[in-house]
Amino acid sequence: MESDRDDTGTADPGRTINLRPFRRRPKAEPDEPPVKPPRAKPKHRRKKRKIAALGLAVLILVTGVAVVGSVFYATVDLPEALDDELSQGSTVYYSDGETVLGELAAEQRTSVGLDEIADDVEHAVVAAEDANFYGHPGVDAKGVLRAIVNNVKGGDQQGASTLTQQYVGLVADIRGDGSYLRKAREAAMAMKMEEEFSKDEILNHYLNIVYFGRGAYGVEAAAQAFFGSSAAELSTSQAALLVAQIKSPDGPFDPRDPYGQGGSTEAATERWEYVLDQMVATGRLEQVKRDAITVLPETLDPTDDPDGLGPEGFVTNGYVLRELAAAGIGTDEVLRGGFDIVTTLDADLQELAVEQTGIREVTAEDEDMAAALTAVEPGTGRVLAYYGGENGAGLDLAADVGHRPGTAFNTVVLAAAREAGIDVWSSELDGSSPRRFETYVDAEGEPMDLVNIGGAQEHETSLVEAVGLKLDTPVYEVAEGLGGDAIARTAAALGIERMWDPHDLDEHGVAAAVDPAQDSGFHPDIGIGAYPITTLDAAVMHATLATGEVVEPYFVESVVGREAGHYDADPPAPAEFGRGLAAEALVPLYENAMEYGDFEVAVNASSTWHAGFSDGLSLAVWAGDEKKEGDGSSHKGTIAEKIWWHVMNGRSDEYRVSGEAPWQDEEGAVSEGPVEAEEDEAQAEQDERDDAETEETREPEAPETEVEPSADRTTEAAEEPPTESEDADWPWG
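These numbers come from a predicted model, not from an experiment.

## Considering the overall build of the protein
Summing up its helical and strand segments, the protein has 23 helices and 19 strands in all. Among the 733 residues that make up the protein, the fraction classed as buried is 48%. When contacts within the protein are restricted to residue pairs at least 6 apart in sequence, long-range pairs at least 24 apart make up 70% of them. For the protein, the exposed surface amounts to about 36,900 Å²; the carbon and sulfur share of it is 48%.

This is how it looks when you write it as structure tokens:
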């Protein structure tokens, strides 16, 4: 029988097996003893040698690290200063980079001894920031290891800095460096600090320089800023809230949110409760006492302006700090960093607008009156001038409070109608007064009369003419047809970011803020300016009309630090609104300016508003009595008018037109400006009069391309812009 195995002895001939060669033992010579194979070395001996080699390598590495660490430790010195001269304030400049707008510095700091600080402050800061403070030599090895593992795993970056490390980091001005080398320097300094100072001394130094927010460095200044008391008088609850600020000063844990960084009662309460619970966990607060603390302590209102910031405070201590915080430069860093901060404000224009127009005297003359002003550069968004009130730490009337624009808003309806494809030149609208509309009702839901300003009548009119003549009844008719949401969307597209709904009031009569970009059921009376807006948004809106581009307003141009350039503004590219739409909406604004004899500006107005633009300058002014806003008064002879024209009359050549005014057709091409338009209109009227003399029986017809002016506008002589010499009884006269 044949074998079914191959020559390798494998049962399956289809398989291939690699066999290890057989080594034959060498044959012994006849006279020689047999050769024995060498004995294999025991495995356990080889393992021991590997371990020994590895141990030697580790020893060499550890020794090397120790030597390097010792050298590094020896070369790192303690910071020269402890509590004195720890910070250098930053200077804020106008756009020229030379004229000082203000200073930002950590001026609120008073050093006190540990015996002048409430014990609960000490207990709270140790519990929340460094629970093992009294047990480590300046560096918490477990905390460092935990942070390294977390960071390597890709978690949120953790610092694990002890109080001693935090302190030397603040004094040595190395806290802004997030590298591991900084950590090493900080750790070396901290250990040296522990060798020279007691724990109580270190804690005392820390509490005298750490930043708590509201411009307060050290616990004594913080106690005054938050509670109006000394550090020694702080309660357990107050101490916990102060310590809660250390994690993110001027951030989410200040319930008053003075710098607009998203602070809230909810966030403050959560962090405050964490500090209290940590005090219990570290044995520094009894649970029964903790359970009795349930209400967040009341803090002082930081808008009382104790430092007398003045109108510029809205920019220096408001917009500057907020914009830099958004760019990653915190308030603490600004107040201590010695930066040169250049803003967008034009020093000459700001002086003209705030100091020479009488805007600062409006409230002083009548406590029920107030005013606000914003100037923006079209095409860039650079804020050129700003006034939000006298208290630069208080309520900003230019950006935080809306004001009813009235007829100053009607050009938005014109733009919305044009966008919807409506013929805005057709004279089919009824401009009579009064009129009633189905949606224009009183508090009981009953229709009520809508009256044009001064009872003006224009039975057949176009929307363009109605906007120019400030006729509410035909504008409302179009607004009702378009719907409030459509008009709100156009307002948002023009750059208005926030409005207030007069139909949604809380128990205090305060209107709810609404986003015009969202369809929120806006009422048609938005078209006649019933929804308040800010002067900042109004300036942006008219800047959009001037160029057809929507810009984002900003205040900080650049920041230069101690060593090198730190920040340059990088505003988003302007969004396109549509030059054709903007140009057609501007026709009434240029006609309004003609009434004053100025052909280089475009302007719209109401009884409390004056807004418009010239070359390179969009200006919005509100001034009036909030209680009487929208009462149908004339837009002539108002405070806002006088302020606006004072700025426009005094503006520099930088903001004046050279050549033709920038009117544009639907394709965006420059067309004839208002000067030529007025000359053509005058010639057309002369031609009509000549025809009337030869053919008295025929009524002269207006050209189809012209809008027939109302009787009062054709007979009224062009008014000159208000000047300082007029009305001497006004504050600016």
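## Some points on the sheet that holds strand β18 (residues 609-614)
Within the open sheet, the five strands sit side by side as β8-β7-β19-β18-β17. Their pairing is antiparallel. In this open sheet, the two strands that pair with only one neighbour each are β8 (383-387) and β17 (602-605). Averaged over all adjacent pairs, the angle separating strand axes in this sheet is 10°, with direction ignored. Pairing between β17 and β18: four bridges, direction antiparallel.

## Notes on the confidence of the model for the protein
Per-residue confidence for the protein averages 78 on the pLDDT scale, and 70% of its residues sit at or above 70. Put simply, helix α23 (residues 711-715) is where the protein has its lowest mean pLDDT, 34, and β8 is where it has its highest, 98. Confidence drops under a pLDDT of 50 for residues 174-180, and excluding neighbours within four residues, the segment shows 14 contacts in the predicted structure. Note on residues 693-720: pLDDT under 50 across the span, and 27 contacts to partners over four residues away in sequence or across chains.

## Some points on the environment of Leu 296
Within the secondary structure layout, Leu 296 lies in the loop between α10 (287-292) and α11 (313-326). As for Leu 296 and Glu 266, which are separated by 30 residues in sequence, their C-alpha atoms are 9.8 Å apart. Those residues within four positions of Leu 296 in sequence are excluded, and the remaining contacts are Leu 241, Pro 255, Thr 265, Ala 268, Thr 269 and Trp 272.

## A closer look at the packing of aromatic side chains
Counted under the stated rule, the structure contains 12 aromatic pairs. Here Tyr 596 and Trp 645 contribute two aromatic rings whose centre-to-centre distance is 4.8 Å and whose plane-to-plane angle is 45°, an arrangement assigned as tilted. Here the residue Tyr 596 occupies a position in the loop between α20 (579-594) and β17, and Trp 645 occupies one in helix α21 (residues 639-650), the gap between them amounting to 49 residues. By relative accessible area, which is 3% here, Tyr 596 ends up buried. Taken together, the ring pairs connect Tyr 319, Tyr 386 and Phe 555 into an aromatic cluster. We note Arg 322 situated over the ring of Tyr 319; from NZ or CZ to the ring centre the distance is 4.8 Å.

## Comments concerning helix α2 (residues 119-129)
Counting buried positions along α2 yields nine of 11 residues, so the element is predominantly enclosed. Within the span of α2, buried status applies to Asp 120, Val 121, Glu 122, Ala 124, Val 125, Val 126, Ala 127, Ala 128 and Glu 129.

## Some details on the nonpolar core
Judged by nonpolar contacts, the single largest core of 93 residues is most densely connected at Leu 324, Ile 341, Tyr 386, Phe 409, Leu 463, Ile 487 and Met 499. It is helix α19 (residues 535-547) that provides the largest number of residues to this core, a total of eight residues. Residues in contact with Met 499, not counting those within four places in the same chain, are Phe 409, Ala 512, Ala 513, Val 514, Pro 516, Phe 522, Ile 526, Tyr 531, Pro 532 and Ile 533. Judged by nonpolar contacts, the second largest core, of 50 residues, contains Val 121, Tyr 167, Ala 216 and Phe 226.

## Examining unusual backbone geometry
Most peptide bonds take the trans form, and the phi angle of most residues other than glycine is negative. Of note, the bond from Ser 433 into Pro 434 is cis; its omega dihedral lies within 30 degrees of zero at 0°. Structurally, Pro 434 is set in the loop between β9 (429-431) and β10 (458-461).

## Brief notes about the environment of Glu 355
Counting through the fold element by element, Glu 355 comes out in helix α13 (residues 347-355). For Glu 355, a relative accessible area of 39% puts it in the partly exposed group. When neighbours within four sequence positions are excluded, Glu 355 is seen to be in contact with Gln 350 and Arg 360. Engagement of the side chain of Glu 355 in a polar contact is seen with the side chain of Arg 360, the distance being 3.0 Å.

Conventions and cut-offs
- Residues numbered from 1 in each chain as written.
- Predicted model: local features only at pLDDT ≥ 70, side-chain atom pairs only at ≥ 80, totals over all residues.
- Heavy atoms only, no water.
- Helix = DSSP H or I, 4+ residues; strand = E, 2+ residues; numbered from the N terminus.
- Buried < 20%, exposed > 50% of the residue type's maximum accessible area, 1.4 Å probe, protein only.
- Contact = heavy atoms within 4.5 Å.
- Areas by Shrake-Rupley, 256 points an atom, 1.4 Å probe, with all protein chains shown as cover.
- Pairing = 2+ DSSP bridges.
- Axes fitted to C-alpha atoms, helices over the stretch in contact; angles between N-to-C directions.
- pLDDT = per-residue confidence, 0-100.
- Phe/Tyr/Trp six-rings, centres within 6.5 Å; stacked < 30°, edge-to-face > 60°.
- Lys NZ or Arg CZ within 6 Å of the ring centre and 35° of its normal.
- Core = buried A, V, L, I, M, F, W, Y, C linked by side-chain atoms within 4.5 Å.
- Polar contact = N/O pair within 3.5 Å; in protein donor to acceptor, adjacent residues only side chain to side chain.

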